[in-house]
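Observations on chain architecture
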Amino acid sequence: MHAFQELDISNTEFNPFQLIGKDWAALTTEANGRTDAMTVSWGGVGVLWGTNVATVYVRQSRYTKELIDAGDYFSLSFFNPEEPKYKNVLKYLGAVSGHDEDKIKTAGLTIAHKDNIPYIDDANMLILCKKMASIEMPSDKLPEDIREKWYADGNDHTIYIGEIKGLYAR
């Protein structure tokens, strides 16, 4: 497998609507000696507070939330959409709790680190982030149709904003 090469974020073109919304990503974080990953299909990249950022949304019920709250870093790992096994891996990471098992190991994935930021080494593109902020997103402030469709169970999201520390690809 080829090593990751850092990309110049100012000269890089990618479609976040495709990468995050359709192909999905694995959000990876760690704290207190535990590493966890979960699938994300909601998020974005852009500029906030004069800084290149990635934004992800994590539900209150997720074990990953416990770790991202306690840690300082997270990554988004993107896989080759032409390899169907990775879509199944992402479905698994989204359905199973890391609180109950080591789902990274069970999924056959390998964790690596760059500058203390955990990521999935099996990916073909990475966004490495330092957590800047977390904001609770109370569903009672959202329009009724959104509340009914996405939050009927009361399982709200927390928004995590991370400074992009590096963008890497194979």
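Structure: see above.
Residues numbered from 1 in each chain as written. Predicted model: local features only at pLDDT ≥ 70, side-chain atom pairs only at ≥ 80, totals over all residues. Heavy atoms only, no water.

Let's talk about the pairing of strand β6 (residues 73–78)
A large share of β6 lies buried, amounting to 5 of its 6 residues. For strand β2 (residues 25–31) and β6, the ladder comprises 4 bridges, and the chain directions are antiparallel. Across the sheet, the residue bridging to Ala26 is Ser77, located in β6. Pairing of β6 with strand β9 (residues 125–137) involves 6 bridges; the strand directions are antiparallel. Residue Ser75 lies in a different strand from β9, and its bridge partner there is Leu128. (Buried < 20%, exposed > 50% of the residue type's maximum accessible area, 1.4 Å probe, protein only. Helix = DSSP H or I, 4+ residues; strand = E, 2+ residues; numbered from the N terminus. Pairing = 2+ DSSP bridges.)

Some details on the layout of surface pockets
In this structure, the largest pocket spans a volume of roughly 250 Å³. Considering the residues around the largest pocket, the lining is formed by 15 residues, among which Met38, Thr39, Ser41, Arg59 and His157 are closest to the centre. Taken together, the elements giving at least two residues each to the lining of the largest pocket come down to β3 (34–40), β5 (51–59) and α3 (84–95). Of the residues that constitute the lining of the largest pocket, the class distribution is 8 nonpolar, 4 polar and 3 charged. Space inside the second largest pocket adds up to approximately 170 Å³. Lining of the second largest pocket is provided by Ile9, Ser10, Thr12, Glu13, Phe14, Pro16, Val45, Gly46, Asn52, Val53 and Ile164. For the lining of the second largest pocket, the elements supplying multiple residues, two or more each, are β4 (43–48) and β5. When its residues are assigned to classes, the lining of the second largest pocket shows 6 nonpolar, 4 polar and 1 charged. (1 Å grid on protein atoms, 1.4 Å probe; cavity = no way out; pocket = protein on both sides within 12 Å on 5 of 7 lines; lining within 4 Å. Points joined across faces, edges and corners; volume = space filled by probe spheres on them. Nonpolar A, V, L, I, M, F, W, Y, C, P; charged D, E, K, R; others polar.)

Let's talk about α3
The terminal C-alpha atoms of α3 lie 17 Å apart, and with 12 residues this matches the ideal 16 Å at 1.5 Å per residue to within 8%. The complete set of buried residues in α3 reads Tyr86, Val89, Leu90 and Leu93. The arc that holds the buried residues of α3, viewed along the axis, is 100°, so those residues lie on one side. Exposed residues pointing more than 90 degrees away from the buried face of α3 are listed as Pro84 and Ala95. Turning to α3, the residues buried within the fold contact β2, β3 and α4 (103–106). (Expected span 1.5 Å × (residues − 1). Arc of directions from axis to C-beta. Contact = heavy atoms within 4.5 Å.)

Some words on the packing of aromatic side chains
All told, the structure shown has 3 aromatic pairs when counted by the stated rule. On the basis of an interplanar angle of 90° and a centroid distance of 5.6 Å, the ring pair of Phe4 and Tyr119 is categorised as edge-to-face. Placement of the pair is Phe4 in the segment before β1 (5–6) and Tyr119 in strand β8 (residues 117–120), with a sequence separation of 115 residues. Owing to a relative accessible area of 10%, Tyr119 belongs among the buried residues under this scheme. A cation sits over an aromatic face here: Lys87 above Trp24, 3.4 Å from the ring centre. Its end group placed over the ring of Phe4, Arg170 keeps NZ or CZ at 3.8 Å from the ring centre. (Phe/Tyr/Trp six-rings, centres within 6.5 Å; stacked < 30°, edge-to-face > 60°. Lys NZ or Arg CZ within 6 Å of the ring centre and 35° of its normal.)

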